[in-house]
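Architecture and fold: a report
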2 protein chains.
Amino acid sequence: MARYIMKFGGSSVATVEHVRAAASVVARKHRDGHEVVVVLSAMGDTTDELLARALAVSARPPARELDMLLSSGEQVSVSLMAMALRELGLSARSWLGHQVRILTDNVHAKARIAEVETGRLEADLSAGVIPVVAGFQGIDDAGEVTTLGRGGSDTTGVALAAALGAEECLILTDVDGVYTTDPRMVPQAQRLSRVTFEEMLELASLGSRVLQIRAVQFAGKYNVPVRVLHNSGEGEGTLISYEEPDVEAPVVSGIAFSRDEAQVTITGVPDRPGNGYAILNRVSEAHIVVDMIVMNAPRSGIVDFSFSVPRDEYEQAMELTRAAAAEIDAGEVLGSPNVAKISVVGVGMRSHAGVATTMFEVLAREGINVRMVSTSEIKISVLIEEKYLELGVRSLHEAFGLEQAREAT
Amino acid sequence: MARYIMKFGGSSVATVEHVRAAASVVARKHRDGHEVVVVLSAMGDTTDELLARALAVSARPPARELDMLLSSGEQVSVSLMAMALRELGLSARSWLGHQVRILTDNVHAKARIAEVETGRLEADLSAGVIPVVAGFQGIDDAGEVTTLGRGGSDTTGVALAAALGAEECLILTDVDGVYTTDPRMVPQAQRLSRVTFEEMLELASLGSRVLQIRAVQFAGKYNVPVRVLHNSGEGEGTLISYEEPDVEAPVVSGIAFSRDEAQVTITGVPDRPGNGYAILNRVSEAHIVVDMIVMNAPRSGIVDFSFSVPRDEYEQAMELTRAAAAEIDAGEVLGSPNVAKISVVGVGMRSHAGVATTMFEVLAREGINVRMVSTSEIKISVLIEEKYLELGVRSLHEAFGLEQAREAT
């Protein structure tokens, strides 16, 4: 007997028929003798529909009220799931964030989990009851409802797995695992049977389709094995853990990419300490996530400073950057909302030179201009014009030999 | 400056456009210098839609999970309303039952309010913030989400009015007041400018279209004036209060009716103490509301015992009554799900004889058979075949002279 968290995403509980199907998958796990805690997202497009209603009422809905609104979605899915499980003859009970007491900080719309109380869930498990917990939501010190941001239910799942000492956190979704790249773009893409937390983090843009990045960080921090699995419960999926790579591990395990990027460049920044901070601080105070940051070497006492942000926050980032530019006597602020990012990822990269060389060679051969580069120990990312994205990903996937059936790491 | 509770029903917040219109009505009241607390039902048919989903998952969804599910509806309306009010430049904040702390007993689906904590709402009002409170929902001692039953938001409104010492609880709805009878059935029906709590209770079936009966009881108990008003905020509506009737008050102030009735008759009940209890106890333990109860005088040591129940609980009531009949050695259990109730109501009835006489005379003239009768100080109710309902109501409305424009009580 082991203990599992089973987290179903929105597409896996999109209709009452989906809810019933998911309940059967849970029931099978439970009847195999395991303890199961279910975590759910809102049904299908509920969150988007609620958001559309909010925007019909207010162009800039207050974050507190938006959290109140959006968190209603999971309340629907968990109660229906509890009913469906009971219909299958199992004991089950739904729980909201404030009932479990999933405590978060008070940053509405992007709250972070501070603590999970386990008393009620342990009591349920001891009594043979399957707790069905609303993902995505928590409560702050003041009793205010908070939400964890897009895909936050993954984080809820991992946090519960950590708090309850679960064997694995199963992420049940509409794909059967993590692939070397998006199979919709590269049909030769292969399922990875294992990846490390580090690789998964760097494969963010691939993984974001199946798993929220913060959930992976959380899982790594608390060493919670996470398995991405098809929502039928069939197959092995992809296990994400701290497993050491084989000696024979391939250099590159996957090609990640992201379309929804925008680039902001502030020119003629006086090369003084604190100017970088002055720019980024405004942007990050608005809770805009800055991804790549590049600054060239100073020339005549001034530098150009570039960074990338999610595309839907481009306008706001430009506005804030213009204000910062005025404050620090910098020059013009330039931007492009039509860029995309490609990342080549692999733990094997640490001990192998030449990955960057191959990458630039392939892109140059295809006539793709690189606008920005950033590197980490196990990843090289480039920002390119969006229209070249497919060409770039396919060329790199082939160049790094990812088309053969294989086991990663 | 006075303090008002403004409760909007589901049809008054059915779409985001309705929410914005309702917000304007609230804003006008607030700008007139009043303190306002808003209470909302779920948007339009949300509750029915959620219920349909529950029934698609489970034929008999557990009450606890149903409460969890249904209470999500008000969470949506209150957050959207808070956004809409802020969009109009007002301070506003949405509150759920567990946040206000609207404490109830633990009878899921039909919970009763035990206590309302006012700290957070008073703090909002002091700070010029308009609290927007989710109706229909509360929380029990164990932190479980409870709901107050159909139309429970009215009760929430009245309970808040009582706890906060509001001037009036305004019930904003899609009709402009309480009428002498349903204007859809009798076009000559007149709006009552005032009625007493007692009359309103007895006009339940009329009033239930605009106001939950339990809310009226609650309002009478705590002497909270309730005003039924059109959701445009225009007009005077109908004030429900303890106002003493004028000496010249009409004998009858309204004709109420209800289609959704069913009759259960248990024949050959041995005339022994406790048998009535044995029957009704089973039915009321299932939380089925028994309305009219009639027992004839004993004949040869046995009696027939009849009562009426809401039609949607007819099958269950028949089942329970058959079990009771077996237990107490009674005879056959008969029933009819196709009956309706007509009630003639008026505080003036107390001092006027002859209302019953007129009532039976009118019904007999129209050839309408009376199946059951029950009387109270200010009401006479009859159960008749449903097909005669319209005929009966129109005839009585005319016979009691309710077609002239008038002020009631």
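For every chain, the first residue of the written sequence is number 1, and numbering continues from 1 onward in sequence order. As a convention, the first chain written is A and the first ligand written is 1, with the rest following in written order. Reporting in this predicted model follows two pLDDT cut-offs: at least 70 for local features of residues, and 80 or more for side-chain atom pairs to be given and counted; totals over whole chains, interfaces and linings ignore these cut-offs and use all residues.

With respect to the overall build of chain A
The helix and strand inventory of chain A stands at 14 helices and 18 strands. Along the first, second and third principal axes, the C-alpha atoms of chain A reach 75 × 50 × 35 Å. To sort residues by exposure, count the other C-beta atoms lying within 10 Å of each residue's C-beta; 20 or more gives buried, 12 or fewer gives exposed, and values between give partly exposed, all with C-beta atoms placed from the backbone. Taken over 409 residues, chain A has a buried fraction of 52%. By the convention adopted here, residues are in contact when the distance between their C-beta atoms, placed from the backbone, does not exceed 7 Å. In chain A, the share of contacts with a sequence separation of at least 24, taken over all contacts with a separation of at least 6, comes to 76%. Only DSSP runs of H or I reaching four residues or more are called helices, and only runs of E reaching two or more are called strands; each is numbered from the N terminus.

Details of the domain arrangement of chain A
Residue and element names in this part refer to chain A. Note that the domain bounds reflect an automated or database-derived domain assignment. When its domains are assigned, chain A resolves into domain 1 (3-241) and domain 2 (254-399). Each of domain 1 and domain 2 was reduced to a C-alpha centroid, and the two centroids are 31 Å apart. With 15 residues of domain 1 at the interface, the matching set in domain 2 holds 18 residues. Contributions of two or more residues to the side of domain 1 that touches domain 2 are made by α8 (197-202) and α9 (204-207). Looking at the side of domain 1 that touches domain 2, its residues break down into seven nonpolar, four polar and four charged. Amino acids outside the nonpolar list (Ala, Val, Leu, Ile, Met, Phe, Trp, Tyr, Cys, Pro) and the charged list (Asp, Glu, Lys, Arg) are all regarded as polar, and Gly is one of them.

Considerations on the nonpolar core
One finds V38 and M81 of chain A together with V38 and M81 of chain B to be the most contacted residues of the largest nonpolar core, which totals 248 residues. Excluding residues that lie within four positions of it along the chain, V38 of chain A makes contacts with M6, V26, M81, I130, V132 and V133 of chain A. Think of a nonpolar core as buried Ala, Val, Leu, Ile, Met, Phe, Trp, Tyr and Cys residues, each tied to the set through C-beta atoms within 7 Å.

Section: the interface of chain A and chain B
On the side of chain B, 28 residues touch chain A, which itself brings 28 residues to the contact. Those elements giving two or more residues to the side of chain A that touches chain B turn out to be α1 (16-31), α2 (46-57), α3 (63-70), α4 (72-87) and α5 (97-100) of chain A. Here the side of chain A that touches chain B gets 10 residues from one element, more than from any other, and that element is α4 of chain A. Split by residue class, the side of chain A that touches chain B holds 15 nonpolar, eight polar and five charged.

Overview of helix α12 (residues 314-327) of chain B
Residues and elements named next belong to chain B. Taking 1.5 Å as the rise per residue, α12 with 14 residues should run 20 Å; its terminal C-alpha atoms sit 20 Å apart, in good agreement. Listed as buried for α12 are Y314, A317, L320, T321, A324 and A325. Each buried residue of α12 lies within a common arc of 145° when the element is viewed along its axis, so the set occupies one face. Opposite its buried face, α12 presents the exposed residues E315, A323, A326 and E327, each directed more than 90 degrees away. Contacts made by the buried residues of α12 are with β15 (254-270), α11 (275-285), β17 (302-310) and β18 (333-345). Expected span, for any helix, means 1.5 Å times one less than how many residues it has. Arc, as used here, means the arc of the directions from the helix axis to the C-beta atoms.

Points about the relation of the copies chain A and chain B
The fit set for superposing copies consists of C-alpha atoms from residues with pLDDT of at least 70 in both; the fit itself is least squares. In screw terms, the move from chain A to chain B is a rotation of 179° and a rise of 0.0 Å along the axis, fitting with an RMSD of 0.1 Å. The superposition of one copy onto the other is thereby described by a two-fold rotation axis. Residue S72 of chain A, judged by its C-alpha, is the member of chain A lying nearest the rotation axis, at 2.7 Å. Of all interface residues in chain A, 100% are interface residues in chain B too; the two copies therefore contact each other through one and the same surface.

Focus on the packing of helix α13 (residues 355-365) of chain A against helix α14 (residues 389-399) of chain A
Residue and element names in this part refer to chain A. Helix axes are fitted to C-alpha atoms over the stretch in contact, other axes to C-alpha atoms as well, and angles between N-to-C directions run from 0 to 180 degrees. At a minimum axis distance of 10 Å, the contact between α13 and α14 shows a crossing angle of 135°. Taken together, the axes of α13 and α14 are oblique relative to one another. You can see that α13 and α14 cross each other, and the crossing is right-handed. Of α14, the residues touching α13 (which contributes T358, M359, V362 and L363) are G392, S395, L396 and A399. Here the residues of the contact of α13 with α14 are counted per class, giving five nonpolar, three polar and no charged. Oblique is the label for any angle not under 35 degrees, not over 145, and not in the 65 to 115 range, which are roughly parallel, roughly antiparallel and roughly perpendicular in turn. Should the near helix be turned anticlockwise from the far one by less than a right angle, the crossing is left-handed, and should it be turned clockwise, the crossing is right-handed.

Quick word on the sheet that holds strand β19 (residues 370-376) of chain B
Each strand in a sheet pairs with another by means of backbone hydrogen bonds, the pair being arranged parallel or else antiparallel. Residues and elements named next belong to chain B. Pairs of strands are assigned from DSSP output, requiring at least two bridges between the strands. Strand order in this open sheet of six strands is β16-β17-β15-β18-β20-β19, and the pairing throughout is antiparallel. Where the open sheet ends on each side, the last strands, each with one partner, are β16 (293-295) and β19. Across the sheet, the mean angle from the axis of one strand to that of its neighbour is 30°, orientation sign disregarded. Against the sheet, α11 makes contact with β15, β16 and β17, and its axis sits at roughly 125° relative to β15, the strand it touches most. Against the sheet, α12 contacts β15, β17 and β18, and its axis sits at roughly 120° relative to β18.

Describing the sheet that holds strand β16 (residues 333-345) of chain A
Residue and element names in this part refer to chain A. Within the open sheet, the six strands sit side by side as β14-β15-β13-β16-β18-β17. Their pairing is antiparallel. Taken across any chain shown, the strands that pair with only one partner, and hence form the sheet edges, are β14 (293-295) and β17 (370-376). Averaged over neighbouring strand pairs, the angle between their axes works out to 30° when direction is ignored. Two strands pair when backbone bridges link them, and β16 and strand β18 (residues 379-385) are joined in this way by seven bridges, in the antiparallel orientation. Bridged to I342 within β18 is V382. Taken strand by strand, helix α11 (residues 275-285) contacts β13 (254-270), β14 and β15 (302-310), and its axis lies near 125° from that of β13.

Quick notes on the packing of α1 of chain A against α4 of chain A
Two quantities define a packed helix pair, namely the angle between the axes and the distance from one axis to the other. Residues and elements named next belong to chain A. Look at α1 against α4: their axes get within 9 Å of each other, and the N-to-C directions meet at 55°. The orientation of α1 with respect to α4, classified from their angle, is oblique. Crossing of α1 against α4: the hand is right-handed. Of the residues in α4, those touching α1 at V16, V19, R20, A22, A23, V26 and A27 are S77, L80, M81, A84 and L85. Class assignment of the residues belonging to the contact of α1 with α4 gives a composition of 10 nonpolar, one polar and one charged.

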